[in-house]
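Analysis of the macromolecular model
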Amino acid sequence: MTSILRIIAQRLLLGILTLFVVSIVIFTAVNMLPGDFAQLILGQGATPEAVEAIRKDLGLDQPPITRYFQWLASALQGDLGNSFAQANFASFVGADGSTNMASVAAQIAPRFENTLFLAGVTALIAVPFSLFLGILAALYRNSIFDRATNILTLSSISSPEFFLAYILILFLAVLNPILPSLSNIYADMPFDERLTRTLLPALTLTLVVTAHMMRMTRAAIINLLASPYIEMARLKGISPMRVIVKHALPNALAPIINVVALNLAYLITGVVVVEVVFVYPGIGQLFVDSVKIRDIPVVQACCLIFATAYILLNLTADILSIISNPRLRHPK
Amino acid sequence: MSIWLTLILGLLAIAAGGWLFRFAGQKITGDAPRFRDMPYGVAFGYVFGAVIVVWLAWAYWLSRSADPAVANKYFFLGKAIEGLILFAIAAWLFRLLGRSVGTEGTKKLFRSMPLTASFGILMILIYAFVAIFAGALAPFGQEEVLAQANVVPGGDPAMGGNPDYPLGTDQIGRDILSRLIYGAQNTVGIAFITTCLAFFIGGTLGFLAATLQGWLDQVLSRAVDVLMAIPSLIFALLLMTIASAWAGSEKWLLTVYMVIIIAVIDSTRVFRLARAVGLNIVVMDYIEAAKLRGEGLGYLIFKEILPNATAPLLAEFGLRFCFVFLTIASLSFLGVGIQPPLADWGTMVRDLAQFINFAVFAPQVASAPLLAAGAIALLTVAVNFVVDWMLHKSSGLKE
């Protein structure tokens with residue numbers, strides 16, 4: 001047991017280290033912007049005095065290393081800075097630019113929750129569905145069913161997300177109005193309506209991630225079917241379904257859990273395009289909008305959040321696969 | 001909620017149908033082994049498949065027999081079925097052609113080829129042809145603004161079409177067919193260049209790391225680890241923000257930056273593979289011999305390692321091309337990729353997307369954005385089919 005704890009601690013440390021370096025990369029990338037934030041905020045027609053004042057205000061006159069640690073320290077405390085666009089808007093309305101309204105954290109928090117909701121609904125649909133398909137494909141391997149599933153999932157994984165999204169909109173929202181094509185959810189919406197509006201983006205993401213998980217499940221099970229103990233179970237006269245579910249599946253769980261975690265990490269990226277298509281108010285849409293108007297603090301913060309989620313899920317996949325595999329648990 | 005009720009009732013009916021099918025089979029054939037030993041799951045599968053085929057045939061018949069001037073719910077399904085059958089026949093004919101024409105080697109290759117792979121190869125050839133000869137094939141220029149805007153696809157004047165523009169024109173009057181053809185040149189061409197660049201960077205560094213090892217290997221590998229810890233589309237979007245500030249109003253410069261950014265991000269994946277394959281090769285005896293002969297680093301990498309690493313790198317090239325192509329299409333779709341006036345499929349989808357909402361009363365109008373998105377999907381699916389077959393063949397996974 002101690003060796004497991006040690007391995008997990010090692011991986012966690014490695015993950016934190018990676019995250020630290022990633023934050024440096026993001027910070028450096030943003031600092032490669034020509035000119036600086038002050039110029040960007042005020043636009044072309046700014047007087048030198050105004051630019052200088054803003055530079056002081058934002059602490060841009062300090063050296064990059066000091067600024068990096070300041071940014072990191074406040075980011076760790078949950079303060080991700082102020083959004084340019086919101087600050088502009090706030091000063092336009094007459095409010096103070098540094099109020100809560102302009103803070104990136106306040107802007108991101110509800111959207112992050114929405115994105116997690118979408119990813120959660122997707123996982124709830126996609127994981128059982130792909131396990132079911134994978135087990136069936138392993139059971140009836142090389143049959144017409146197996147081949148058809150293979151071709152369909154391969155096609156769905158290689159199509160761009162927006163193609164799948166528009167096909168689903170076409171058939172499930174426009175031609176047969178079953179689900180709404182716009183996922184404009186808001187904070188105090190009743191749960192069932194929120195779920196209905198999330199269903200179409202979730203189905204799109206399901207199509208994207210199912211193929212990988214289903215193929216992995218099928219391959220892991222088929223790999224085991226040649227082992228002697230499966231032969232034994234078969235000779236005892238157990239039905240093929242029972243052989244797979246009771247004897248093969250538990251031993252195939254390690255690669256399956258791993259691929260599930262990796263695909264959840266993939267969801268984080270895939271969510272961007274799908275959120276834009278369905279106008280889903282998640283963090284991905286905020287990210288793309290901020291990229292277009294070059295709202296640097298928001299872009300920086302979103303990037304950091306995406307990278308954190310991605311690293312955490314990869315870490316989980318890593319740790320789970322170590323725990324479920326005795327050979328990795330006790331390295332020689 | 002009635003839709004769910006219908007769905008559940010339908011499934012129950014199919015479940016009962018499966019049982020009936022097996023029972024009837026047993027009774028009619030007098031307990032032939034085929035029906036006697038049939039598991040219930042298989043019987044269910046047969047009936048389920050039959051129901052789907054019958055439903056598709058029925059939908060196709062409805063789409064054909066409907067009055068062309070009236071709204072037609074089955075228009076898209078009908079077109080999809082027609083396309084599927086057409087492609088299947090084309091792929092089958094192409095395989096037949098490959099089996100009888102060419103050298104012994106290619107004939108043998110075609111003999112063991114599944115239909116999906118021959119479909120993939122045929123599609124790739126067609127795309128390459130269209131991309132290379134786009135200028136000669138397209139009836140109009142990609143930036144040419146014509147007299148009529150918003151012409152409905154289909155070329156039927158009665159429905160707002162124009163035979164001069166078979167796929168119609170967009171909001172500002174550019175011919176959609178021409179833009180689709182030029183899109184092949186721009187989108188596929190840029191993706192191809194990016195992939196080549198990614199392979200050049202990743203492959204060279206990967207082989208260098210494998211041959212020299214030591215601190216260079218450590219530095220490169222750790223740098224790649226960090227870059228791979230950021231999701232690629234997110235990282236690309238972050239860098240594109242900065243690139244757009246660098247490029248300013250020079251639109252073409254942004255496209256160049258995009259190629260470099262995506263090539264660098266994707267070269268990390270190539271580096272991993274090239275290093276792993278290279279490490280297996282540098283321990284071989286013939287590398288030892290070459291080193292003892294006093295060959296230089298360039299000779300070692302390009303004459304000894306590269307030829308022995310072609311097969312895995314080629315399969316990776318196909319997959320990498322798909323990823324690069326999809327990333328570029330996604331970036332363009334999000335509005336930060338290939339910039340107008342260059343015709344590009346991702347941008348076309350974004351510009352034409354709102355027409356999907358007219359699908360109920362004017363199916364032809366709604367088909368324009370789907371054509372552009374379908375063009376992207378068709379190529380990536382084709383490449384994936386070919387790569388899947390190559391991997392299956394080389395891994396010897398015959399099960």
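Values in this document were obtained by computation on a predicted structure and should not be read as measured data.

A word on the overall build of chain B
Tallying secondary structure elements over chain B gives 16 helices and 0 strands in all. Along the first, second and third principal axes, the C-alpha set of chain B runs to 75 × 70 × 50 Å. Considering chain B as a whole, with its 399 residues, one finds that 45% of them fall into the buried category. Pairs at least 24 apart in sequence give 65% of the contacts found in chain B among residues at least 6 apart. Summed over all atoms, the accessible surface of chain B reaches about 19800 Å², with 71% contributed by carbon and sulfur. One finds the centroid of the 26 positive side-chain charges in chain B at a distance of 9 Å from the centroid of its 24 negative side-chain charges.

A word on a nonpolar patch on the surface
Residue and element names in this part refer to chain A. Taken together, the side chains of Leu14, Leu17, Phe20, Ile24, Ile65 and Phe69 define a hydrophobic patch exposed on the protein surface, amounting to about 590 Å² of accessible area. For the nonpolar patch, the elements supplying multiple residues, two or more each, are α1 (2–31) and α4 (64–76). Sort the elements by how many residues they give to the nonpolar patch and α1 lands first, with 4 residues. As for its position among the elements, Ile65 is in helix α4.

Concerning helix α11 (residues 240–278) of chain A
All names here are of chain A. The first and last C-alpha atoms of α11 sit only 42 Å apart over 39 residues, clearly below the 57 Å expected at 1.5 Å per residue. Maximal helix bending in α11 amounts to about 60°, located at Leu249; proline Pro250 follows within four positions. Trailing α11 by a residue or two, Val279 shows a phi angle of about 50°, which is positive.

Some remarks on the packing of aromatic side chains
Residues and elements named next belong to chain A. In the structure shown here, the tally under the stated rule is 23 aromatic pairs over all chains. Between Phe20 and Tyr68 the ring centres are 6.3 Å apart and the planes differ by 65°, which places this aromatic pair in the edge-to-face class. Taken together, the positions of Phe20 in helix α1 and Tyr68 in helix α4 put the pair 48 residues apart, joining distant regions of the chain. Taking 6.0 Å as the distance between ring centres and 80° as the angle between the ring planes, the aromatic pair formed by Phe117 and Phe191 counts as edge-to-face. Of the two residues, Phe117 sits in helix α6 (residues 104–139) while Phe191 sits in helix α9 (residues 191–225), which places them 74 residues apart along the sequence. Assessed through its relative accessible area of 17%, Phe117 is described here as buried. Among the aromatic residues, those joined into a ring-pair cluster are Phe20, Phe27, Tyr68 and Phe69. When the ring centre of Phe117 is taken as origin, the NZ or CZ atom of Arg194, which lies over that ring, is 4.7 Å away.

Topic: the state of the cysteines
This structure, assessed with the given rule, holds 0 disulfides over all chains. Of the cysteine sulfurs around Cys196(B), a residue in no disulfide, the closest is that of Cys322(B), at 14 Å.

Concerning the interface of chain B and chain A
At the interface, 48 residues of chain B touch 51 residues of chain A. Interface area for chain B against chain A, summed over the two sides, is near 4500 Å², with a carbon-plus-sulfur share of 80%. Among the ionic pairs, Arg215(A) bridges to Asp388(B), the shortest N-O distance being 3.3 Å. Here chain B is connected to chain A by 3 residue pairs in polar contact (both at pLDDT 80 or more). Listed by contribution, the elements that provide at least two residues to the side of chain B that touches chain A are α1 (2–29), α3 (40–65), α4 (75–100), α9 (214–228), α10 (232–247), α14 (310–334) and α16 (363–395) of chain B. With 11 residues, the single largest contributor to the side of chain B that touches chain A is α10(B). Residue composition of the side of chain B that touches chain A, grouped by class: 35 nonpolar, 10 polar and 3 charged.

Here we look at the pattern of salt bridges
All names here are of chain B. Evaluated as defined, the whole model comprises 14 salt bridges over all chains. Notably, a salt bridge pairs Asp266 with Arg320, separated by 2.8 Å at the nearest N-O pair. Of the two residues, Asp266 sits in helix α11 (residues 251–282) while Arg320 sits in helix α14, which places them 54 residues apart along the sequence. Take Asp266 and Arg320: they sit in the same class, and that class is buried.

Some details on the side chain of Asp266(B)
Residues and elements named next belong to chain B. Since its relative accessible area comes to 7%, Asp266 is described here as buried. A distance of 2.8 Å separates polar atoms of two side chains, one belonging to Asp266 and the other to Arg320. Non-local contacts of Asp266, meaning those with residues more than four positions away in its chain, are made with Ala198, Arg320, Phe323 and Val324.

Section: the domain arrangement of chain B
Each assigned domain of chain B is listed here: domain 1 (1–63), domain 2 (64–113) and domain 3 (176–395). On a C-alpha basis, the centroid separation for the pair domain 1 of chain B and domain 3 of chain B is 45 Å.

A look at the environment of Ile132(B)
All names here are of chain B. Of note, Ile132 is situated in helix α6 (residues 115–132). According to the relative accessible area criterion, Ile132 is exposed, its value standing at 61%. Note: C-alpha distance between Ile132 and Ile181 (49 residues apart in sequence) is 10.0 Å.

Structural notes on the nonpolar core
Membership of the largest hydrophobic core comes to 155 residues, with the highest contact counts inside it found for Phe162(A), Tyr166(A) and Trp345(B). Looking at this core, the element that brings in the most residues is α11(A), giving 16 residues. Among all residues touching Trp345(B), those that are not within four sequence positions of it are Tyr127(B), Arg179(B), Leu180(B), Gly183(B), Ala184(B), Thr187(B), Val188(B), Phe325(B), Ala372(B), Ala375(B) and Ile376(B). Core analysis: the next-biggest nonpolar cluster, separate from the first, contains 14 residues, Val270(B), Ile281(B), Val282(B) and Leu313(B) among them.

Section: the packing of α11(A) against α14(B)
The interhelical angle for the contact between α11(A) and α14(B), taken along N-to-C directions, is 35°, at an axis separation of 11 Å. By crossing handedness, the relation of α11(A) to α14(B) is classed as left-handed. On α14(B), the residues that touch Val272(A), Val273(A), Val276(A) and Val277(A) of α11(A) are Ser330(B), Phe333(B) and Leu334(B). Within the contact of α11(A) with α14(B), the residues separate by chemical class into 6 nonpolar, 1 polar and no charged.

Concerning unusual backbone geometry
A negative phi angle is the norm for most residues apart from glycine, just as the trans form is the norm for most peptide bonds. The residue Asn142(A) is not glycine, and still its phi comes out positive at about 65°. As for its placement among the helices and strands, Asn142(A) is situated in the loop between α6 and α7 (144–158).

Quick look at the confidence of the model for chain A
A low pLDDT means the predicted coordinates there should not be read in detail. When pLDDT is averaged along chain A, the result is 81; 86% of the residues meet or exceed 70. Mean pLDDT values for the elements of chain A range from 60 in helix α5 (residues 84–93) of chain A up to 89 in helix α10 (residues 228–235) of chain A.

Regarding the environment of Thr18(A)
For Thr18(A), the position within the fold is in helix α1. Leaving out residues up to four positions away in the same chain, Thr18(A) has contacts with Ile311(A) and Ala229(B).

Cut-offs used in this document
Residues numbered from 1 in each chain as written. Chains lettered and ligands numbered in written order. Predicted model: local features only at pLDDT ≥ 70, side-chain atom pairs only at ≥ 80, totals over all residues. Heavy atoms only, no water. Helix = DSSP H or I, 4+ residues; strand = E, 2+ residues; numbered from the N terminus. Buried < 20%, exposed > 50% of the residue type's maximum accessible area, 1.4 Å probe, protein only. Contact = heavy atoms within 4.5 Å. Areas by Shrake-Rupley, 256 points an atom, 1.4 Å probe, with all protein chains shown as cover. Lys, Arg positive; Asp, Glu negative; His and termini not counted. Charge placed at Lys NZ, Arg CZ, Asp CG, Glu CD. Patch = residues over 30% accessible without salt bridge, like charges linked within 9 Å, V, L, I, M, F, W, Y side chains within 5 Å. Salt bridge = Lys/Arg side-chain N within 4 Å of Asp/Glu carboxyl O. Expected span 1.5 Å × (residues − 1). Bend = angle between axes of the 7 residues up to and from the residue. Phe/Tyr/Trp six-rings, centres within 6.5 Å; stacked < 30°, edge-to-face > 60°. Lys NZ or Arg CZ within 6 Å of the ring centre and 35° of its normal. Disulfide = S-S within 2.5 Å. Buried area = accessible area lost by both parts, 1.4 Å probe. Polar contact = N/O pair within 3.5 Å; in protein donor to acceptor, adjacent residues only side chain to side chain. Nonpolar A, V, L, I, M, F, W, Y, C, P; charged D, E, K, R; others polar. Domains from an automatic or database assignment. Core = buried A, V, L, I, M, F, W, Y, C linked by side-chain atoms within 4.5 Å. Axes fitted to C-alpha atoms, helices over the stretch in contact; angles between N-to-C directions. Left-handed = near helix turned anticlockwise from the far one by under 90°. pLDDT = per-residue confidence, 0-100.

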